[in-house]
Amino acid sequence: MRVAMAEDSVLLREGIARVLDDAGFDVVAQCDNADDLLLRVRSSPPDVVILDIRLPPTHSDEGLRAALELRSSHPDVGVLVLSQYVEVGLAMKLLADSAEGVGYLLKDRIGDVEDFVASVRRVADGGSALDPIIVSTLLARQRPDDPIAALTPREREVLELMATGSSNQGIADSMVITLRAVEKYVSSIFSKLGLPSTGTESRRVLAVLLYLRS
Amino acid sequence: MHTTLRPLAFCALGLAGCAGAVYSFTSAFRNPAVGSDLGEPLVIALLSNWLTASYVLCGLFAWWRRPESRFGALMVAVGFANFISTLSWTTNDFTFTLGQAFDLLPPVLFLHLFLAFPTGRLSGPVERAFVVSAYAAAVVLQAVRLPFGGFGPNNLLEFAAHEGAALISLRVALLTMSAYCLVGAATLLLRRRGTLRPLRPMFVLLLDAFALGLVMIACLFVSASFGGPAVQEIRWATFATLGAAPIVFLAALLNVRLARSAVGDLMLELRAEPAPADLRESLARALRDPSLELAYWLPDFGVYVDLEGKPVELPDLQGRSTTLIDRHGDHIAALIHDPALDDEPELLEGVEAAAGIALENARLDAELRARLEELRGSRARIVEAAQSERQLLERNLHDGAQQRLIALSLQLSMLKGRVDGDPDVKEGIDQARREIAASLAELREIARGLHPAVVSGHGLAVALEQLAARAPLPVDLDVEVDGRLPEPLEVAAYYVVSESLTNVAKHSQAKKARVAVVRTGDELVLEVVDDGVGGADSERGSGLRGLADRVEALDGRLRVWTPLGGGTRVKAEIPCA
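All residue numbers refer to position in the chain's written sequence, counted from 1. Starting at A for chains and at 1 for ligands, labels are handed out in the order in which the entities are written. Given that the model is predicted, a residue must reach a pLDDT of at least 70 before its local features are reported, and side-chain atom pairs must reach 80 or more before they are shown or counted; all residues, however, enter totals for whole chains, interfaces and linings. Side-chain descriptors were evaluated using all non-hydrogen atoms of the structure, hydrogens and water having been removed beforehand.

Draft legend 1. Focus on the sheet that holds strand β5 (residues 102-106) of chain A. All names here are of chain A. Strands were regarded as paired on the criterion that DSSP finds at least two bridges between them. We count a stretch as a helix when DSSP gives it H or I for four or more residues in a row; a strand needs E for two or more, and each element gets its number in order from the N terminus. Strand order in the open sheet made by the six strands is β2-β1-β3-β4-β5-β6, with parallel pairing throughout. Because the sheet does not close on itself, it has two edges, and the strands there are β2 (26-31) and β6 (128-130). Across this sheet, the average inter-strand angle for adjacent strands is 20°, counted without regard to direction. Sheet topology places strand β4 (residues 78-83) next to β5; five bridges connect them, and they run parallel. Bridge pairing links Leu82 to Leu105 in β5. Between two residues, a contact is recorded if the distance between any of their heavy atoms is within 4.5 Å. To obtain each axis, a line is fitted to C-alpha atoms, and for helices this fit is confined to the stretch in contact; angles are then taken between N-to-C directions over 0 to 180 degrees. Its contacts with the sheet put helix α1 (residues 10-22) on β1 (2-6), β2, β3 (48-52) and β4, and the angle it makes with β2 is roughly 170°. Contacts from helix α2 (residues 34-43) reach β1, β2 and β3, with the element oriented near 145° to β2.

Draft legend 2. Summary view of the interface of chain A and chain B. Listed by partner, the interface residues are 39 residues for chain A and 34 residues for chain B. Contact between chain A and chain B buries roughly 3100 Å² in total, counting both sides, with carbon and sulfur atoms accounting for 55%. For chain A, the biggest contributors to the area lost against chain B are Arg54(A), Gln84(A) and Glu87(A); these three give 22% of the whole. Throughout this description, the term salt bridge denotes a Lys or Arg side-chain nitrogen within 4 Å of a carboxyl oxygen of Asp or Glu. Our count for the contact surface shared by chain A and chain B stands at five salt bridges. With a shortest N-O distance of 2.7 Å, Asp112(A) and Arg433(B) are connected by a salt bridge. Polar contact is the term for a pair of N or O atoms within 3.5 Å; when the atoms are in protein, one must be able to donate a hydrogen and the other to accept it, and sequence-neighboring residues count only if both atoms are side-chain atoms. Put simply, chain A and chain B have 14 residue pairs in polar contact (both at pLDDT 80 or more) between them. Counting residues per element, the ones that place at least two in the side of chain A that touches chain B are α1, α4 (88-94) and α6 (132-140) of chain A. Here the element with the most residues in the side of chain A that touches chain B is α1(A); it accounts for seven residues. Here the residues of the side of chain A that touches chain B sort into 16 nonpolar, nine polar and 14 charged. Buried surface area refers to the total accessible area, computed with a probe of radius 1.4 Å, that the two partners give up upon joining, counted for both partners together. Only Asp, Glu, Lys and Arg are considered charged, only Ala, Val, Leu, Ile, Met, Phe, Trp, Tyr, Cys and Pro nonpolar, and every remaining residue, Gly among them, polar.

Draft legend 3. View of the packing of aromatic side chains. Residue and element names in this part refer to chain B. To pair, rings of Phe, Tyr and Trp, with the six-membered ring standing in for Trp, must have centres within 6.5 Å; the planes then decide the type, stacked if under 30 degrees apart, edge-to-face if over 60, and tilted in the middle. By the definition in use, this model includes eight aromatic pairs over all chains. Three or more aromatic residues joined by ring pairs make a cluster, and in this case those are Tyr55, Phe110, Phe114 and Phe210. Definition used: whenever NZ (Lys) or CZ (Arg) falls within 6 Å of the ring centre and also within 35 degrees of the ring normal, the charge is taken to sit over that ring. The side chain of Arg569 reaches across the aromatic face of Trp561, ending 4.4 Å from its centre.

Draft legend 4. The arrangement of empty space enclosed by the protein in detail. As defined here, a cavity is a set of points on a 1 Å grid over the protein atoms alone where a 1.4 Å probe fits but cannot get out. A pocket is an open set with protein on both sides within 12 Å along at least five of seven lines, and residues line them when an atom is within 4 Å of a point. Grid points are joined across faces, edges and corners, and a volume is the space filled by probe spheres set on the points. Using the criterion set out here, one finds two cavities of 30 Å³ or more in the structure. Tyr85(A), Glu394(B), Arg444(B), Arg448(B) and Ala453(B) are, among the 14 residues lining the largest cavity, the residues nearest its centre. When residues of the lining of the largest cavity are traced back to their parent elements, those giving at least two are α13 (345-418), α14 (423-450) and α15 (453-458) of chain B. Here the residues of the lining of the largest cavity sort into five nonpolar, four polar and five charged.

Draft legend 5. Representation of the environment of Asp338(B). Structurally, the position occupied by Asp338(B) is in the loop between β5 (330-337) and α13. Sequence separation of Asp338(B) and Arg320(B) is 18 residues, and the distance between their C-alpha atoms is 5.3 Å.

Draft legend 6. Inspection of helix α7 (residues 153-164) of chain A at higher detail. All names here are of chain A. Here the expected span of a helix is defined as 1.5 Å times the quantity of residues minus one. Between its first and last C-alpha, α7 extends 17 Å over 12 residues, near the 16 Å set by a 1.5 Å rise per residue. Listed in full, the buried residues belonging to α7 are Glu155, Val158, Leu159, Met162, Ala163 and Thr164. Residues of α7 that are buried sit in contact with α5 (113-124), β6, α6, α8 (168-175), α9 (179-193) and α10 (201-213). In the stretch just after α7, Gly165 is the one whose phi turns positive, near 110°. Burial status follows relative accessibility: with a 1.4 Å probe on protein chains alone, a residue under 20% of its type maximum counts as buried, one over 50% as exposed, and anything between as partly exposed.

Draft legend 7. The arrangement of the confidence of the model for chain B in detail. Residues and elements named next belong to chain B. Here chain B averages 83 in pLDDT, while 92% of its residues score no lower than 70. Highest mean pLDDT in chain B belongs to strand β8 (residues 523-530) (95); lowest belongs to helix α2 (residues 32-38) (56). What the predictor reports for the complex is a pTM of 0.63 with an ipTM of 0.91. pLDDT measures the predictor's confidence residue by residue and takes values from 0 up to 100.

Draft legend 8. Examining α2(A) more closely. Residue and element names in this part refer to chain A. Of all the positions in α2, only Ala34, Leu37, Leu38 and Val41 are classed as buried. Projected down its long axis, α2 carries its buried residues within an arc of 100°, all on one side. Turned more than 90 degrees from where α2 packs its buried face, Asp35, Leu39 and Ser43 sit exposed. Looking at the buried positions of α2, the neighbouring elements they touch are β1, β2, β3 and α3 (62-73). At the N-terminal end of α2, a side-chain oxygen is found 3.1 Å from the backbone nitrogen of Asp35, two or three residues along, and the residue is Asn33. Comment: arc refers to directions from the helix axis out to C-beta atoms.

Draft legend 9. Structural detail: the side chain of Arg444(B). Here Arg444(B) shows up in helix α14. Discounting chain neighbours no more than four positions away, the residues touching Arg444(B) are Gln84(A), Tyr85(A), Leu106(A), Asp108(A), Ile133(A) and Gln402(B).

Draft legend 10. Looking closely at the sheet that holds strand β1 (residues 293-298) of chain B. Residue and element names in this part refer to chain B. Here we have five strands laid out as an open sheet, ordered β3-β2-β1-β5-β4, and antiparallel in their pairing. Each edge of the open sheet carries a strand with a single partner, namely β3 (311-312) and β4 (321-327). Note: β1 against strand β2 (residues 303-305), three bridges, orientation antiparallel. The partner of Leu298 across the bridge, within β2, is Val303. Here helix α12 (residues 276-287) sits on the sheet and contacts β1 and β5; the angle it forms with β1, its principal contact strand, is near 125°.

Draft legend 11. Region of interest: the packing of α7(A) against α10(A). Residue and element names in this part refer to chain A. Running from N to C, α7 and α10 cross one another at 115°; their axes reach a closest spacing of 8 Å. One way to sum up the angle between α7 and α10 is to call them roughly perpendicular. The way α7 lies across α10 gives a crossing that is left-handed. Facing Leu159, Met162 and Ala163 of α7, the residues of α10 in contact are Arg204, Val205 and Val208. Class assignment for the residues of the contact of α7 with α10 results in five nonpolar, no polar and one charged. For classification purposes, an angle smaller than 35 degrees is called roughly parallel, one larger than 145 roughly antiparallel, one from 65 to 115 roughly perpendicular, and anything else oblique. With the far helix as reference, a near helix turned anticlockwise by less than a right angle produces a left-handed crossing, and one turned clockwise produces a right-handed crossing.

Draft legend 12. Main features of the environment of Ser214(A). Within the secondary structure layout, Ser214(A) lies in the segment after α10. The spacing of Ser214(A) and Leu138(A) is 76 residues in sequence and 9.6 Å in space, taken between C-alpha atoms.

Draft legend 13. Seen up close, a negative patch on the surface. Only residues whose relative accessible area exceeds 30% and that form no salt bridge are eligible for patches; like-charged ones are grouped when within 9 Å, while nonpolar side chains (Val, Leu, Ile, Met, Phe, Trp, Tyr) are grouped when within 5 Å. The Shrake-Rupley method, run with a 1.4 Å probe sphere, supplies the accessible areas, and residue values consider only the shown protein chains as cover. For the purpose of charge, His is not counted, nor are the chain termini; Lys and Arg are scored as positive and Asp and Glu as negative. We put the charge of a Lys on NZ, of an Arg on CZ, of an Asp on CG and of a Glu on CD. A contiguous patch of negative charge, built from Asp476(B), Asp478(B), Glu480(B) and Asp482(B), is present on the exposed surface. Mapping Glu480(B) onto the fold places it in strand β6 (residues 475-480).

Draft legend 14. Representation of the pairing of β4(A) in the model. All names here are of chain A. Of all the six residues making up β4, six are buried; the element is thus mostly covered by neighbouring parts of the structure. Here β3 runs beside β4; their pairing, made up of five bridges, is parallel. Each residue of the ladder has a partner; that of Asp52, found in β4, is Leu82. The path from the first strand over the helix to the second decides the hand: if it runs clockwise while the strands point away from the viewer, the crossover is right-handed. Traced from β3 through α3 to β4, the parallel crossover comes out right-handed. One crossover worth recording links β4 to the parallel β5 by way of α4, and it is right-handed.

Draft legend 15. Quick peek at the pattern of salt bridges. Counted under the stated rule, the structure contains 37 salt bridges over all chains. Notably, a salt bridge pairs Glu157(A) with Arg154(A), separated by 3.8 Å at the nearest N-O pair. Placement of both Glu157(A) and Arg154(A) in helix α7 is noted, with a separation of three residues, approximately one turn of the helix. Residue classification places Glu157(A) among the partly exposed positions, given a relative accessible area of 36%. Since its relative accessible area comes to 35%, Arg154(A) is described here as partly exposed. Glu308(B) is the partner of Arg369(B) in a salt bridge, and the nearest nitrogen-oxygen pair spans 3.9 Å.

Draft legend 16. Looking closely at the environment of Gln84(A). Positionally, Gln84(A) belongs in the loop between β4 and α4. Take Gln84(A): its relative accessible area is 3%, and that puts it in the buried class. Placed 24 residues apart in sequence, Gln84(A) and Asp108(A) show a C-alpha to C-alpha distance of 7.4 Å. Each residue touching Gln84(A), except ones within four places of it in the same chain, is listed here: Leu106(A), Lys107(A), His398(B), Gln402(B), Gln403(B), Ile406(B) and Arg444(B). A polar contact of 3.5 Å, which involves the side chain of Gln84(A), links it to the side chain of Gln402(B). There is a polar contact of 3.1 Å between the side chain of Gln84(A) and the side chain of Gln403(B).

Next up, the structure:
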């Protein structure tokens, strides 16, 4: 799997590259700014791009703009955005159209090498990876007549994992339950929230996200 | 002229003028030829010498009252030149020839005088060349005429008497002079239309009288050169018009009396102590100059300011005049007015004297505003300095400690992969990583408290989503702002919402809150409303006060309604032109 990345901290850029290299990825581009990354992607599109949301020269929204541009110009390339702050508003911007092949994680997650590598792989494969903080913020969000309160603790746990982009198999693995049980929980959640059940796993990420945000 | 000699010289000049007029009048009266040539000698001689006397006397008066203007001196010169031309009525050969030689000079002098009104100076090289050429024409044409004769027996310069040549040279001379006079009249009428304000009727009346006089001279000359029917009547009318001009001029000078009554009205108005803002209106009325502007002098700042305390420059361009006003030896203000007012120093002085206290009060008002403006500016600078300081700290934290901790956590994670066996070591590494994660979470909160990077990076609308989502009560968020706003404004707006929601959560016991952000024209309006208990104490915490500082530093306004039991509503309006 080919990865291109943009991160202005040398320490982190090289650390991430090593982690991905060790995990069998082919790191084809390491850039320290968004323009270089865009050039490299255009000349030879990788499977997934990892980039910091805050990049030179102004360290404001260069990373996000590059991510959004790649999303529209190269829909087949997965885009994983890393940031030292995760914000609901930014998640909504990144996932505006679809959650397919997109990820938005707190930078701290790099430290959990296994999870991080899994997320990169998922995004490269067209899945999604949303930081648990975003999901928990949205879940904790107060709303009148909250149907979330009607969920059982297990269902809630499944919902959280589902919203971060985990596949049913992933949920089954991390909760140590059967795939069949996960499917049951999922359909129960969708009916309790009044959501129509959707096909792919990344579509249900967006559906759940929009539901939680409204 | 030396000050002690001046009155004496003026008296001498006046006496000389009067004596000349009397002498000339007597000569004409006694000259039998005058009667046959001019019709009624008494009327013409009287009118003509009235010109001499009135121009000399009025000129002296004007000279005395307005020494800085050359107009009075010029008038006196016109009077004496007129006297010389009236010598043509004497029977002495020398004086007669002298008078005849200067016969065409008075019309040019009138032309010069009228064009030089009111300063006594001609405006521009074109006008000067025009007047000089008129003088030259008057002298040359008459010099050409005299040798051909036709002036009677006393003409000393008659060398080649020729009736036809005399008539032709007379016609050429008179028509040339009338052409000069008509051009002069047209210039005056253009000037009347172009530059003067209708508010100064006396001024306009004078210009009209001058132009009329020039037209009358032209009529007289044309009529005389062709032996027209009513030469005599036209001559009377011309002399009467020219003779009336100094009277009108004198009346304009004595306008001081009118000015006094304007000053009297002003004093009555000022007794009612008008607001500083209305002072300009009162002064403009008294000075009859609606274009009047006031500039107050602030010695501490070394600048002139308007009533709002904003610095103003005194104009140095043409078309505006400045009168400086002092009080008790201190400079307090400047009047910026129409230069036509320079001709009425009495009026200006009167207004200055009457409005001294009022101007001083207005000056203090302006000074206060200027200080407030300065204070506002320094508050804005303080808020801005604090903001950029915090922004820098956040940035350093982000690029420094936070990145390093993340890299450290990554390193530990990779180290763990390489440790075989020993579960204690692995657990130790995991423990360290958990510590790092906790530190990172803390640092993240600190960084967010220092500066909301997401606001500067991605705008208010994006940042408010997070605030609404994190609030411990349902928040209805409605942001109607297209695009980005200036960063200080977005940051201030963010803090208003953030702090207000924190207050709602802490004190209000509200069930829900609503945040509305709307950009209406050139203003950003923020409202945070809750349905809680109200009665918030804005003095207790520094939060609201700090918010007001932020908002007011941007020229905005923060208001809080918090009736007991009626919820709390925080509203900020910040200009964003």
